[in-house]
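Notes for the structure review
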Amino acid sequence: MRRLGELEAVIMERMWSGRRPATVRDLVEELRNDREIAYTTVMTVMDNLHTKGLLKRRTSGKAYVYETVSSKEAYAAELMRELLAGSGNRSATLVHFLERLDPEEAEAMEAALRIIPPGGRP
């Protein structure tokens, strides 16, 4: 899984925040509130996001209706896992990561570790 491009990220953010199925036309109308954008551009990006496994779709008449496959948090967690796996030295990477946490992030990490302790599921 790779990071999203600029327009992919904008579209996924809209899909995640909307928490509802949407057509290309729905997204075009939303995006046009902020920028000029072509229908075909949004259609291509949403098709690419479907191909990448981030959106699922079903037909409704002549249009596709898209939904997110997973939450934004699950996507971010998968990116973090892949970056850690590719870092070469996982322990050193984690130490550098933990050193950079602000107090609020450290508290969130501690809360997460209370739910899922190191080494496994609860």
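The coordinates are above.
Residues numbered from 1 in each chain as written. Predicted model: local features only at pLDDT ≥ 70, side-chain atom pairs only at ≥ 80, totals over all residues. Heavy atoms only, no water.

1. Some remarks on the nonpolar core
One finds Ile-11, Met-15, Leu-27, Val-42, Met-46, Leu-49 and Leu-55 to be the most contacted residues of the largest nonpolar core, which totals 20 residues. Taken together, the elements giving at least two residues each to this core come down to helix H1 (6-18), helix H2 (24-31), helix H3 (39-51) and helix H4 (72-85). In terms of residue count, the dominant contributor to this core is H1 (five residues). The residues touching Met-15, leaving out its near neighbours within four places in the chain, are Arg-20, Ala-22, Leu-27, Met-46, Leu-55, Tyr-66, Glu-67 and Thr-68. (Core = buried A, V, L, I, M, F, W, Y, C linked by side-chain atoms within 4.5 Å. Buried < 20%, exposed > 50% of the residue type's maximum accessible area, 1.4 Å probe, protein only. Helix = DSSP H or I, 4+ residues; strand = E, 2+ residues; numbered from the N terminus. Contact = heavy atoms within 4.5 Å.)

2. A closer look at the pattern of salt bridges
A full pass over the atoms with the stated rule returns eight salt bridges. In this structure, Arg-14 and Asp-34 form a salt bridge, with 2.3 Å as the shortest nitrogen-oxygen distance. Of this pair, Arg-14 sits in helix H1 while Asp-34 sits in the loop between H2 and H3, and the two are 20 residues apart along the sequence. We classify Asp-34 as exposed; its relative accessible area is 57%. Here Glu-30 makes a salt bridge to Arg-20, at a shortest N to O gap of 3.1 Å. Here Arg-20 lies in the loop between H1 and H2 and Glu-30 lies in helix H2, a separation of ten residues in the sequence. (Salt bridge = Lys/Arg side-chain N within 4 Å of Asp/Glu carboxyl O.)

Just distances and angles here, no functional claims.
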